[in-house]
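The chain contents come next:
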Amino acid sequence: DGTAVATTVTTKLIEFTRDTSLAAGNQAVTGVGFQPSAAFFFALQDGIREVSWGFADNAKAGAGVCTYFSPADSFSAANTISDYESAGNNCHATVNSWDVDGVTMAWTKTGAPTGTLLIKTLFFK
């Protein structure tokens, strides 16, 4: 009917790390200042030729991710963050819960990855 609709999108950029040698388990990511409804993740690790980017939405089940790593490309719809360090040594994360001040990431691990992932996340409300 021509009536203007006012919308507000709140965003917050958070940076966190993950020691890939840690056992599988949950990691709380806090400091967002609100309960997110969606998030975009960008992860990398120094010394490893790969980058992982993914997204998650609290209204839909699952997540999407696109990961580049050398020597081949990998695409997955099962993980939000993927870290392929070498054959049989990797870790992955999905959003386990959408919390009042951020999210809880559920990490899985295969083999014996080492190093630290730097993860930058843009949260949306």
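Note that this is a predicted model, so its numbers are computed, not measured.

**Some details on the overall build of the protein**
Per the secondary structure count, the protein includes zero helices and 10 strands. Element order for the protein, N to C, with α for helix and β for strand: β-β-β-β-β-β-β-β-β-β. Within the protein, the fraction of its 125 residues that count as buried is 41%. Within the structure as shown, the protein displays about 6,800 Å² of accessible surface, and the carbon and sulfur contribution to it stands at 56%.

**Let's talk about the nonpolar core**
Counting 20 residues, the largest nonpolar core has Phe 41, Ile 81, Met 105, Trp 107, Ile 119 and Phe 123 as the members making the most contacts within it. Residue assignment for this core shows that the elements contributing at least two residues are strand 1 (11-19), strand 3 (38-44), strand 8 (89-99), strand 9 (102-110) and strand 10 (116-124). Among the elements that line this core, the one with the most residues is strand 8, at four residues. If we ignore the near neighbours within four places in the chain, the residues touching Met 105 are Phe 16, Gly 25, Asn 26, Gln 27, Val 29, Phe 41, Ile 81, Ala 93, Thr 94, Val 95 and Asn 96.

**Regarding the packing of aromatic side chains**
Tallied over the entire structure, the rule returns one aromatic pair. Considering the side-chain rings of Phe 41 and Phe 123, the 6.4 Å spacing of their centres and the 80° angle between planes classify their relative orientation as edge-to-face. Within this pair, whereas Phe 41 is found in strand 3, its partner Phe 123 is found in strand 10, the two being separated by 82 residues in sequence. Exposure class is identical for Phe 41 and Phe 123. Each is buried.

**As for the pattern of salt bridges**
Pairing of side chains with opposite charge becomes possible as their charged atoms draw close. Enumeration over the complete set of coordinates arrives at one salt bridge. One salt bridge connects Glu 15 with Lys 120, and the closest N-O pair in it is separated by 2.8 Å. Within this pair, whereas Glu 15 is found in strand 1, its partner Lys 120 is found in strand 10, the two being separated by 105 residues in sequence.

**Concerning the confidence of the model for the protein**
This prediction gives the protein a mean pLDDT of 84; 82% of its residues lie at or above 70. Here strand 5 (residues 63-69) stands out as the element of the protein with the lowest mean pLDDT, 58, in contrast to strand 2 (residues 25-30), whose mean of 97 is the highest.

**Remarks on the pairing of strand 9**
Judged from the six bridges that link them, strand 2 and strand 9 form a sheet pairing that is antiparallel. If you follow Thr 30 over to strand 9, its bridge partner there is Gly 102. Taken together, the nine bridges between strand 8 and strand 9 define a ladder with antiparallel strand orientation. Its bridge partner lying in strand 9, His 92 is registered against Thr 108.

About the cut-offs
- All chains use their own residue numbering, which begins from 1 and follows the written sequence.
- Predicted model: local features are reported for residues with pLDDT of at least 70 only, side-chain atom pairs are reported and counted for 80 or more only, and whole-chain, interface and lining totals are derived from all residues.
- Here the side-chain values reflect all heavy atoms present in the structure, with hydrogen atoms and water set aside.
- Only DSSP runs of H or I reaching four residues or more are called helices, and only runs of E reaching two or more are called strands; each is numbered from the N terminus.
- Here the term buried applies to any residue with accessible area under 20% of the maximum for its type, exposed to any over 50%, and partly exposed to those in between, with areas from a 1.4 Å probe on protein chains only.
- Residue-level accessible areas treat just the shown protein chains as cover; the underlying method is Shrake-Rupley with a 1.4 Å probe.
- Definition used in this section: a nonpolar core is a set of buried Ala, Val, Leu, Ile, Met, Phe, Trp, Tyr and Cys residues joined via side-chain atoms within 4.5 Å.
- Between two residues, a contact is recorded if the distance between any of their heavy atoms is within 4.5 Å.
- Aromatic pairs are defined between Phe, Tyr and Trp rings, using the six-membered ring for Trp, whenever the two ring centres lie within 6.5 Å; interplanar angles under 30 degrees are classed as stacked, those over 60 as edge-to-face, and all others as tilted.
- A pairing counts as a salt bridge when a side-chain nitrogen of Lys or Arg comes within 4 Å of a carboxyl oxygen of Asp or Glu.
- The predictor rates its confidence in each residue with pLDDT, a number between 0 and 100.
- Two strands are counted as paired when DSSP detects at least two bridges linking them.

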